[in-house]
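# Structural overview for review
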Number of protein chains: 2
Amino acid sequence: MQAKAQPDPRWTRRRTEKQRRLAQVREFADGAVLRTGSIVEVLERLIGPGDRVVLEGNNQKQADFLARALARVDPERVHGINLIMPSVSLPEHLDLFERGIARRLDFAYAGGQSLRISQFLQDGLLEVGAIHTYIELYARLFVDLIPKVVLVAGYTADRQGNLYTGPSTEDTPTLVEAAAFHDGIVIAQVNEIVDDAGELPRVDIPGAWIDFVVQADKPFFIEPLFTRDPRLITPMQVLMAMMAIRGVYERHQVQSLNHGIGFNTAAIELILPTYGERLGLKGKICRNWTLNPHPTLIPAIESGWVESVHCFGGELGMEDYVAARPDVFFTGRDGSMRSNRALCQLAGQYAVDLFIGSTLQMDGLGNSSTVTRGRLTGFGGAPNMGHDPRGRRHPTPAWLDLIETDDPLARGHKLVVQIVETFQAGGKPCIVESLDAVDVGKGSGMPLAPVMIYGDDVTHVLTEEGIAYLYKARSVEERKAMIAAVSGVTPIGLTHDPRRTEALRRGGLVALPEDLGVHRAEATRSLLAAKSVADLVAWSGGLYNPPAKFRSW
Amino acid sequence: MQAKAQPDPRWTRRRTEKQRRLAQVREFADGAVLRTGSIVEVLERLIGPGDRVVLEGNNQKQADFLARALARVDPERVHGINLIMPSVSLPEHLDLFERGIARRLDFAYAGGQSLRISQFLQDGLLEVGAIHTYIELYARLFVDLIPKVVLVAGYTADRQGNLYTGPSTEDTPTLVEAAAFHDGIVIAQVNEIVDDAGELPRVDIPGAWIDFVVQADKPFFIEPLFTRDPRLITPMQVLMAMMAIRGVYERHQVQSLNHGIGFNTAAIELILPTYGERLGLKGKICRNWTLNPHPTLIPAIESGWVESVHCFGGELGMEDYVAARPDVFFTGRDGSMRSNRALCQLAGQYAVDLFIGSTLQMDGLGNSSTVTRGRLTGFGGAPNMGHDPRGRRHPTPAWLDLIETDDPLARGHKLVVQIVETFQAGGKPCIVESLDAVDVGKGSGMPLAPVMIYGDDVTHVLTEEGIAYLYKARSVEERKAMIAAVSGVTPIGLTHDPRRTEALRRGGLVALPEDLGVHRAEATRSLLAAKSVADLVAWSGGLYNPPAKFRSW
């Protein structure tokens with residue numbers, strides 16, 4: 001396996017440089033274990049100016065100790081780095097730019113920091129390399145964004161660097177692989193260090209992939225992003241959920257799927273055991289999921305609807321419940337969940353029938369974006385899940401059902417459903433004439449507007465008014481008319497011609513609730529299998545342990 | 001992390017069943033190590049009728065010892081399994097169906113066994129679940145094809161099951177993860193078992209993910225699929241390579257790419273250091289690759305063209321060369337290569353500017369397939385790499401260069417290039433009126449024709465006649481005319497109207513060699529930086545060690 005001779009040094013520059021840097025921090029380490037208090041000095045010695053540095057910030061799990069330490073390095077020594085982050089969410093992430101430590105940002109999602117990114121961009125403190133969808137960003141780590149240093153987080157390590165990442169494995173294995181196998185440097189912060197692998201619940205990442213582990217000053221930050229309190233679900237969302245089940249899931253026999261994060265899709269999850277059950281759909285739809293462990297899925301799981309759930313990441317409070325349902329969830333030998341965002345995004349792209357999600361703005365052609373004026377939020381997983389994967393070749397009933405021609409070279413289509421209320425809270429229309437993203441793109445000097453999901457990938461638009469079956473549209477003009485027909489009294493909706501809408505209904509291109517056998521009068525909160533977080537806890541037999549902010553009892 | 005109480009047995013059926021099966025084979029194992037001679041009996045006890053079983057057969061590496069053992073189980077005990085294989089390539093794989101042990105096949109590629117699959121399908125011995133592209137098949141392992149048993153191959157294991165997969169990591173981590181984290185059973189055959197992890201070159205897969213390791217009766221079979229002997233490259237292929245460089249790579253500034261397996265693309269690799277160098281393109285194009293370690297890439301690497309190569313799998317004979325060029329290739333701490341087909345397919349999908357590959361048949365709209373009458377070959381990675389990834393959001397010069405509108409909501413496009421000689425050896429046209437795949441699909445009862453790459457994903461068709469810039473076509477009719485213009489004297493080519501072709505040339509929709517500044521007279525084998533396998537060995541400084549069948553000196 002090994003080269004016969006010592007490799008020629010002209011071809012081992014990365015390895016030589018890594019060894020040079022590692023030698024400079026040996027004094028702060030006992031084997032693979034770094035002293036916590038030395039971390040700032042260590043980062044100053046391990047990271048060079050202009051380096052590509054991956055800092056693990058996921059949807060949920062944050063390498064926050066390392067982020068804080070990096071924000072404290074001397075900008076005279078470390079500056080101008082190209083920061084690569086799946087999700088930018090802590091103030092420290094932006095402090096890096098304010099202090100000049102980082103200069104260029106490649107990312108996929110920015111939640112709470114989206115305002116500040118916009119501001120820094122305008123102030124010239126920050127350049128955006130690109131906004132990505134998650135797995136596109138991972139993909140580039142092996143091609144044209146190969147990192148020099150990768151900083152990640154895990155629960156527990158042993159003294160050889162073996163890592164237990166537990167329910168929140170998320171992006172860690174993929175980020176680590178990019179550096180571990182190309183002479184990059186990997187540092188993992190952990191909550192606890194044990195003596196040897198036997199004391200770890202399990203090994204998620206082998207120690208030989210990790211250069212250093214360091215015990216963080218406090219457990220890593222993790223946010224319950226996927227918990228939706230059923231008390232906040234409105235009757236209108238119940239109506240939309242009923243339409244989704246009858247007009248999309250039942251009609252196309254949707255067996256595998258991904259749900260977005262909103263209350264609309266939480267409502268769908270919560271009426272499967274009531275409305276779905278009454279329609280006799282159990283076992284016929286919604287069997288295999290790619291989804292974070294949403295607490296609102298508990299009643300459907302307990303009622304026997306769900307065969308499997310593969311997860312991108314974990315969800316705070318769901319650990320014990322997941323561990324007690326290993327037939328449904330992916331778990332390790334130790335019993336705790338294994339999530340894996342790269343594989344779950346792959347599954348959500350190539351292996352599911354349907355993606356359904358919401359957005360902040362959608363235009364009259366179905367293009368949508370969460371990037372609005374002054375906020376550079378990024379896209380997360382939506383572009384990956386919300387498009388038709390044209391490399392897919394295996395058929396399923398739902399995928400085939402979208403074929404509208406008898407061309408023998410036709411192919412099926414993934415169901416990409418935009419579920420939007422025509423107006424946001426506060427009376428701002430969600431369906432608009434032009435996306436803010438178009439102006440933001442121009443204003444930020446981006447080569448293209450930051451569109452999250454493109455209209456030509458969307459197969460269905462579902463609003464409280466009805467469903468537009470966009471995959472049936474025979475022209476762009478018809479597509480526009482179909483969206484207008486379900487856009488209510490938004491500016492786009494007001495352009496619709498009632499006679500045209502009637503014709504679209506007769507042709508099956510648009511359906512109102514009554515066309516689907518959905519009774520508006522039934523659309524009340526009483527259809528929700530759980531009406532509160534306390535109900536979810538009860539459904540779980542006490543296994544779900546909601547974070548304090550969701551406890552109201 | 002752990003559930004507070006023992007999980008309810010109604011939700012741990014997979015785990016209970018796994019424990020039951022494991023208990024039945026304890027007598028054949030010493031810890032994680034199975035006795036070689038007991039393997040048939042062990043498989044009979046571990047696999048149940050109708051189980052979903054993944055058998056590792058990759059493009060190159062084969063779990064052949066386990067395949068032979070599986071073919072010898074008693075069909076009274078093990079029958080009707082759903083066999084899941086990335087690549088079906090050994091006679092034993094089909095023997096499983098002949099003996100009734102397997103019934104249903106889900107796969108991505110079948111090389112040497114494609115004839116027999118067709119025959120068995122007709123004879124009713126085999127059902128095809130679906131033909132997939134590789135990562136689509138992996139994706140389903142986490143959704144609706146979750147396996148009960150996974151059988152893989154590695155080089156070396158220790159007695160705890162820690163696995164060294166070395167240069168041929170390929171699909172193994174992904175296949176193992178699907179079972180290891182959902183109470184499936186994992187068995188790895190290895191060439192050698194050592195006492196503990198310290199004796200392994202490195203750990204590629206943690207022991208806790210593997211239930212059993214077993215020493216194979218002989219080292220696993222591996223085939224040098226990506227070695228192309230430069231002696232067989234024709235002047236016509238050199239001409240096409242020159243056109244590719246000038247008319248595609250230079251024109252669109254292609255920086256990251258994947259090459260198919262054919263002689264045409266090998267010719268491109270071999271004229272980069274001569275023709276490409278003379279054009280002053282070094283450093284400007286072809287910097288970052290997703291590619292198996294093609295021996296024909298050696299001269300370009302040695303001449304400083306190649307910044308990085310991430311590999312799907314390894315290539316026999318390239319081990320020492322790769323280990324000596326760690327700045328270019330991904331290697332582990334032990335110095336040997338790390339390949340990873342799942343991540344490399346992801347990289348080849350989302351992170352590269354261009355895919356260029358050949359096919360056996362292409363129709364007048366650019367649809368292509370390697371499935372021809374009597375051969376169900378499958379697709380491998382081509383559908384994944386040969387489509388426009390619509391979830392991509394990051395721009396590169398090449399990707400942006402394909403935008404033909406000033407719509408602010410436009411997006412770029414991946415370059416998908418079909419490089420085909422108009423006729424195959426033997427005078428059969430490659431460009432045909434209708435793909436055999438259409439009839440095969442109908443004849444085999446498939447819901448859709450098995451198309452490898454769809455014409456609407458193809459941006460360029462390159463033949464010895466010229467290049468059709470299909471992304472510029474304004475209608476299907478124009479697209480057809482453009483393909484006809486470069487289709488020579490095939491039936492499709494004969495439909496072209498010379499005056500129309502002139503107009504297409506003037507409009508920049510079609511280019512002949514002279515339009516690209518490519519001189520036909522220069523297209524000789526003297527442009528090849530290496531003209532034989534011996535030349536490749538010389539370029540490598542003796543590090544490349546070609547398999548015997550490629551040695552002619």
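All values derive from a computational prediction rather than experimental measurement.

## What to know about the overall build of chain A
Tallying secondary structure elements over chain A gives 18 helices and 21 strands in all. Against the compact-globule benchmark of 24 Å for 553 residues, chain A has a radius of gyration of 25 Å, which places it among compact chains. In terms of its C-alpha atoms, chain A occupies a principal-axis envelope of roughly 75 × 50 × 50 Å. Considering chain A as a whole, with its 553 residues, one finds that 67% of them fall into the buried category. By sequence separation, contacts in chain A at least 24 residues apart represent 74% of the contacts at least 6 residues apart. Of the roughly 17,400 Å² of accessible surface on chain A, a fraction of 50% belongs to carbon and sulfur atoms. For chain A, the separation between the mean place of its 59 positive charges and that of its 66 negative charges on side chains is 2 Å.

## Here's the deal with the domain arrangement of chain A
Residue and element names in this part refer to chain A. If you check the domain split of chain A, you get domain 1 (26–215) and domain 2 (230–536). Measuring from the centre of the C-alpha atoms in domain 1 to the corresponding centre in domain 2 gives 33 Å. Summing both partners gives a buried area of about 2,400 Å² for domain 1 against domain 2, and 53% of it is carried by carbon and sulfur. Together, Ile131, Ile135 and Pro167 form the three largest contributors to the area buried by domain 1 at its contact with domain 2, with a combined 23%.

## Examining the relation of the copies chain B and chain A
With an axial shift of 0.0 Å and an RMSD of 0.0 Å, the rotation relating chain B to chain A amounts to 180°. Considering both components of the superposition, the chain copies are consistent with a two-fold axis. Considering only C-alpha atoms, the residue of chain B closest to the rotation axis is Pro206(B), which sits at 3.0 Å. Both copies share a contact surface, since 100% of the interface residues of chain B are interface residues in chain A too.

## Overview of the packing of helix H2 (residues 39–46) of chain A against helix H3 (residues 64–71) of chain A
All names here are of chain A. Between H2 and H3, whose axes approach to 9 Å, the crossing angle comes to 70°. Relative to H3, H2 is oriented roughly perpendicular. Across the interface between the two elements, Ile39, Val40 and Leu43 of H2 pack against Phe65, Leu66, Ala69 and Leu70 of H3. Classifying every residue of the contact of H2 with H3 gives seven nonpolar, no polar and no charged.

## Concerning helix H1 (residues 13–23) of chain A
Given 3.6 residues per helical turn, the α-helix brings residues three or four places apart onto the same face. Residue and element names in this part refer to chain A. Taken as a whole, H1 has its buried residues at Arg14, Arg15, Lys18, Arg21 and Leu22. Down the axis of H1, the buried side of the element spans an arc of 130°, and every buried residue falls inside it. Facing away from the buried side of H1, by more than 90 degrees, are the exposed residues Arg13 and Ala23. Summarising the contacts, the buried residues of H1 are in contact with H2, strand S7 (149–158), strand S9 (185–194) and strand S10 (212–215).

## Brief notes about the pattern of salt bridges
All chains considered together, the criterion is met by 96 salt bridges over all chains. The shortest N-O distance in the salt bridge between Glu307(B) and Arg287(B) comes to 3.5 Å. You can see Glu307(B) sitting in the loop between helix H10 (298–302) and strand S13 (308–310) and its partner Arg287(B) sitting in the loop between helix H9 (263–278) and strand S12 (288–290), a full 20 residues away along the chain. Under the relative-accessibility criterion, Glu307(B) is labelled partly exposed at 45%. Salt bridges here are not isolated pairs; linked through shared partners, they connect Glu17(A), Arg20(A), Arg21(A), Asp51(A) and Lys148(A).

## Here we look at the interface of chain B and chain A
At the junction of the two partners, chain B supplies 106 residues and chain A supplies 107 residues. The junction of chain B with chain A conceals about 9,100 Å² of combined surface from both sides, 60% of it contributed by carbon and sulfur atoms. Counting every contact that joins chain B to chain A gives 14 salt bridges. At the boundary of chain B with chain A, the tally comes to 50 residue pairs in polar contact (both at pLDDT 80 or more). Ranked by residues supplied to the side of chain B that touches chain A, first place goes to helix H12 (residues 341–350) of chain B with five residues.

## Quick notes on empty space enclosed by the protein
With the rule as written, the count across this model stands at nine cavities of 30 Å³ or more. Quantified by volume, the largest cavity comes out at close to 310 Å³. As for the largest cavity, its lining consists of 24 residues, and the residues nearest its centre are Pro173(A), Glu177(A), Asn340(A), Glu177(B) and Asn340(B). Elements that contribute at least two residues to the lining of the largest cavity include exactly helix H7 (172–180) and helix H12 (341–350) of chain A together with helix H7 (172–180) and H12 of chain B. Of the voids in this model, the second largest cavity is the one considered here, and its volume is about 100 Å³. Lining the second largest cavity are 15 residues, and of these Pro167(B), Gly314(B), Glu315(B), Glu319(B) and Met337(B) sit closest to its centre. By residue number, the principal contributor to the lining of the second largest cavity is helix H11 (residues 319–323) of chain B, which donates three residues. Looking at the lining of the second largest cavity, its residues break down into 10 nonpolar, three polar and two charged. Formed jointly, the lining of the second largest cavity draws a minimum of three residues from each of two domains, domain 1 (31–215) and domain 2 (230–403 + 411–537) of chain B.

## Some points on the packing of helix H8 (residues 235–252) of chain A against helix H9 (residues 263–278) of chain A
Residue and element names in this part refer to chain A. Interhelical geometry of H8 versus H9 gives an angle of 70° and a closest axis separation of 8 Å. One finds that H8 runs roughly perpendicular with respect to H9. Both H8 and H9 take part in a crossing whose hand is right-handed. For the pair formed by H8 and H9, the contact residues are Gln237, Val238, Met240, Ala241, Met242, Ala244, Ile245, Arg246 and Tyr249 on the first element and Phe263, Asn264, Ala267, Ile268, Ile271, Leu272 and Tyr275 on the second. When the residues that make up the contact of H8 with H9 are grouped by side-chain class, the tally is 13 nonpolar, two polar and one charged.

## Comments concerning the sheet that holds strand S16 (residues 368–369) of chain A
All names here are of chain A. Ordered by their spatial adjacency, three strands build an open sheet running S16-S15-S18, and the pairing between neighbours is mixed. Each edge of the open sheet is held by one strand with a lone partner, namely S16 and strand S18 (431–432). Both strand S15 (residues 361–363) and S16 contribute to a ladder of two bridges, which runs antiparallel. Counted as the bridge partner of methionine 362 is serine 368 from S16.

## Some words on the packing of aromatic side chains
Under the defined criterion, the tally for this structure stands at 12 aromatic pairs over all chains. Measuring from ring centre to ring centre gives 6.3 Å for Tyr469(A) and Tyr471(A), while their planes differ by 85°; the resulting arrangement is edge-to-face. In this pair, the class of Tyr469(A) matches that of Tyr471(A), namely buried. Members of the aromatic cluster, each reached through a chain of ring pairs, are Tyr155(A), Tyr164(A) and Phe220(A). The positively charged end of Arg228(A) is found above the aromatic ring belonging to Phe263(A), 5.4 Å away from the centroid. Positioned above the aromatic ring of Phe220(B) is the side chain of Lys61(B), whose terminal nitrogen or guanidinium carbon lies 5.9 Å from the ring centre.

## Side note on the sheet that holds strand S17 (residues 415–419) of chain B
All names here are of chain B. The strand order across the open sheet built from eight strands is S13-S12-S11-S14-S17-S19-S20-S21, with neighbouring strands paired in mixed fashion. For this open sheet the edge positions go to S13 and strand S21 (510–511), each flanked by a neighbour on one side alone. Bridging between S17 and strand S19 (residues 460–462) involves three bridges; their strand directions are parallel. In the strand pairing of S19, isoleucine 419 is matched with leucine 462.

Each value, and the rule that gives it
Residue positions are given per chain, counted from 1 along the sequence in the order it is written. For naming, the first written chain is A and the first written ligand is 1, with later ones following in the order written. Where totals are concerned, whole chains, interfaces and linings use all residues; where local detail is concerned, this predicted model gives features only for residues with pLDDT of at least 70, and gives and counts side-chain atom pairs only at 80 or more. Excluded from the side-chain calculation are hydrogens and water; included are all heavy atoms of the structure. Note on conventions: DSSP H or I runs of at least 4 residues are helices, E runs of at least 2 residues are strands, and numbering of each starts at the N terminus. Values of the radius of gyration come from C-alpha atoms, whereas the globule rule sets the reference at 2.2 Å times the count of residues to the power 0.38. Each residue is assigned to one of three classes by its accessible area relative to the maximum for its type, calculated with a 1.4 Å probe on protein chains only: buried under 20%, partly exposed between the two thresholds, exposed over 50%. Between two residues, a contact is recorded if the distance between any of their heavy atoms is within 4.5 Å. Only the protein chains shown count as covering a residue, and every accessible area follows the Shrake-Rupley method with a 1.4 Å probe. When charges are tallied, Lys and Arg are placed among the positive residues and Asp and Glu among the negative ones, while His and the ends of the chain are skipped. Positions of charges follow a simple convention, taking NZ of Lys, CZ of Arg, CG of Asp or CD of Glu. For every domain, the bounds stem from an assignment made automatically or drawn from a database. The term buried area denotes the loss of accessible surface (1.4 Å probe radius) that occurs when two parts are joined, taken as the sum for both partners. When the copies are superposed, the least-squares fit takes in the C-alpha atoms of residues with a pLDDT of at least 70 in both. Angular values range over 0 to 180 degrees, each being the angle between N-to-C directions of two axes fitted as lines to C-alpha atoms, with helices fitted over their stretch in contact. With respect to orientation, any angle under 35 degrees is reported as roughly parallel, any angle over 145 as roughly antiparallel, any angle of 65 to 115 as roughly perpendicular, and every other angle as oblique. Put simply, Ala, Val, Leu, Ile, Met, Phe, Trp, Tyr, Cys and Pro go in the nonpolar bin, Asp, Glu, Lys and Arg in the charged bin, and everything else, Gly too, in the polar bin. Working definition: the arc comes from the directions between the helix axis and the C-beta atoms, pointing outward to the latter. By convention in these notes, a salt bridge is any Lys or Arg side-chain nitrogen within 4 Å of a carboxyl oxygen on Asp or Glu. Any pair of N or O atoms that falls within 3.5 Å is considered a polar contact. Within protein, one atom must be able to donate a hydrogen and the other to accept it, and sequence-neighbouring residues count only if both atoms are side-chain atoms. The way it works is a 1 Å grid over only the protein atoms, where trapped points that fit a 1.4 Å probe form a cavity and open points with protein on both sides within 12 Å along at least five of seven lines form a pocket, and then any residue with an atom within 4 Å of a point lines it. Grid points are joined across faces, edges and corners, and a volume is the space filled by probe spheres set on the points. Take the far helix as your reference; a near helix turned counterclockwise from it by less than a right angle gives a left-handed crossing, and one turned clockwise gives a right-handed crossing. Strand pairing requires that DSSP identify at least two bridges connecting the strands. Two aromatic rings from Phe, Tyr or Trp, using only the six-membered ring of Trp, form a pair when their centres are within 6.5 Å; if the ring planes differ by under 30 degrees the pair is stacked, by over 60 it is edge-to-face, and anything between is tilted. A ring is considered to have a charge above it if a Lys NZ or an Arg CZ atom is located within 6 Å of its centre and within 35 degrees of its normal.

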